[in-house]
Structure formats: structure tokens, C-alpha cells
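Single-letter residue listing:
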Amino acid sequence: QQDAYVDDVDGDGKYELLVVNDGWAHYFSMASAAGPEFWVVFDRVNGKFEPACRKHRRAYRTWIASNLKTAEAPDLPPPDRAEFYASALLHAAQIGDIAEARRILEKLMAEVDKFDPWPTWIPSKAAVRKDFEDLLTKAERVADKPCVVNATGIKRGRYDAEGG
């Protein structure tokens, strides 16, 4: 997967810049390319790219649905399933749909409950809930911003923040 590309995500004939936000990478896995990630969409306005995630809700709804569908694949192990739920949550929060993000958080936590044995490389169950609750609480305060998760100022999950 590319980290950035240009595409017409809404079919209006204008190209948008899409950039992967991988600030939560390695949260559920030590693999180099693993971890929940989400898109940041920029529109070109007067020759500059400006954040425009909320303007492209339909694309975000597609990405949420894709992550949820992948998370519900029957043969997926719980840590991988949790990663896809987390990506769906981050996409929902990015467009200010905090209610949907909270519903997805409950699915995420149900998967975290299935971690057995507990992976030593990720935070505790309580810390996982706290990290995502903190993000959503901050997101509620800036839900009118163009790209809500980015506006929270939270760059990484607890694992990276603690230097893990």
C-alpha cells in the first residue's frame, strides 16, 4: 500500500490528495507494516492542499465498511480483528461521527477480551480502552474541524508514546 496518492475520491472531476496516517502503527502488532491506520484527505484550494476529510464522508463510509467487513472475516485472529476495528473507529472519528466510533469501540473491546494469552507487546486491556476513549473525548471537542482525529493532537497510541 502507498502512503500517499492522488485520486478523485468523490467523482467530481477534481483530484484529492490522500495520505495515510499511521500514527497508531504497531499498536496491536510488532510487524513493520501493521497497526490501525486511516486516511487523511486534502482538497486543492487556491493552489494549496487543505484538510477536507469531513467533506468526503462517502469515501470514509466506504473505508469504514471495508474495515468492518475485513474485521468480521471468520478466520482472522483477535489481534488482527482488533486492528481492523481500530482502523474503522479512526475513520469514523476522522469525519466527526463520534457515535459510530464509540459503537465500533465496543466491537474492538470485545475482540480485545479474546486475546489469550495477552500479547506482551501491546498495552493492557484497560489502557487500550483508555487510549481510544481519550481520543474520542478529544475528538468530540473538535468534531467541527475538517479532519477531526488530526485536530485532536494525538499522534500515537500509548505503546509508541511510551517508547515501546
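Predicted model, so just to flag it, every value in this text is computed and none were measured.

A. Up close: the sheet that holds strand β2 (residues 16-21). Pairing is antiparallel across the open sheet formed by four strands, whose spatial order is β1-β2-β3-β4. Because the sheet does not close on itself, it has two edges, and the strands there are β1 (4-7) and β4 (48-51). Here the strands of the sheet are splayed against their neighbours by 35 degrees on average, with no regard to which way each runs. Taken together, the four bridges between strand β3 (residues 38-45) and β4 define a ladder with antiparallel strand orientation.

B. Local environment of the side chain of Glu-16. In this structure, Glu-16 sits in strand β2. No salt bridge forms around the buried Glu-16; measuring N to O, its nearest opposite-charge neighbour Lys-55 is 7.4 Å away. Apart from the residues within four sequence positions on either side, Glu-16 is in contact with Tyr-5, Val-6, Asp-7, Asp-8, Val-9, Asp-10, Val-41, Phe-42, Asp-43 and His-56.

C. View of the nonpolar core. If you look at the biggest cluster of nonpolar residues, it comprises 45 residues, and the most contacted ones within it are Trp-24, Phe-28, Leu-89, Ile-104, Leu-108 and Phe-132. Counting only elements with at least two residues in this core, the list comes to β2, β3, α1 (57-71), α2 (78-94), α3 (98-112), α4 (125-141) and α5 (148-151). A per-element tally of this core places α2 first, with eight residues. With residues near it in sequence (within four places) discarded, Phe-132 still touches Trp-24, Tyr-27, Phe-28, Ala-86, Leu-89, Leu-105 and Leu-108.

D. Looking closely at the pairing of β3. Counting buried positions along β3 gives six out of eight residues, so the element sits mostly inside the fold. Summarising the sheet, β2 and β3 pair through five bridges and their orientation is antiparallel. Looking at the pairing, Leu-17 lines up with Phe-42 of β3. Between the end of β3 and the start of β4, which pair antiparallel, lie two residues, with Asn-46 showing a positive phi angle near 50 degrees.

Calculation criteria
Position numbers for residues count from 1 along each chain, tracking the sequence in the order it is written. At least 70 in pLDDT is required for a residue's local features to be given in this predicted model, at least 80 for side-chain atom pairs to be given and counted, and no such filter applies to totals for whole chains, interfaces and linings, which use all residues. For the side-chain quantities, the full set of heavy atoms in the structure was used; hydrogens and water were omitted. Any two strands are treated as partners once DSSP identifies two or more bridges connecting them. Under the scheme used here, helices are H or I runs from DSSP no shorter than 4 residues and strands are E runs no shorter than 2 residues, and both carry numbers assigned from the N terminus. For helices, the axis comes from a line fit to the C-alpha atoms of the stretch in contact; other axes are also lines fit to C-alpha atoms, and the angle between any two N-to-C directions lies between 0 and 180 degrees. Here's how the labels work: a residue is buried when its accessible area is under 20% of the maximum for its type, exposed when over 50%, partly exposed in between, all with a 1.4 Å probe on protein chains only. A positive count includes Lys and Arg, and a negative count includes Asp and Glu. His and the chain ends are not counted in either. Counted as salt bridges are all cases of a side-chain nitrogen of Lys or Arg within 4 Å of a carboxyl oxygen of Asp or Glu. What makes two residues a contact is simply this: any of their non-hydrogen atoms within 4.5 Å. To qualify as a nonpolar core, a set must consist of buried Ala, Val, Leu, Ile, Met, Phe, Trp, Tyr and Cys residues joined through side-chain atoms within 4.5 Å.

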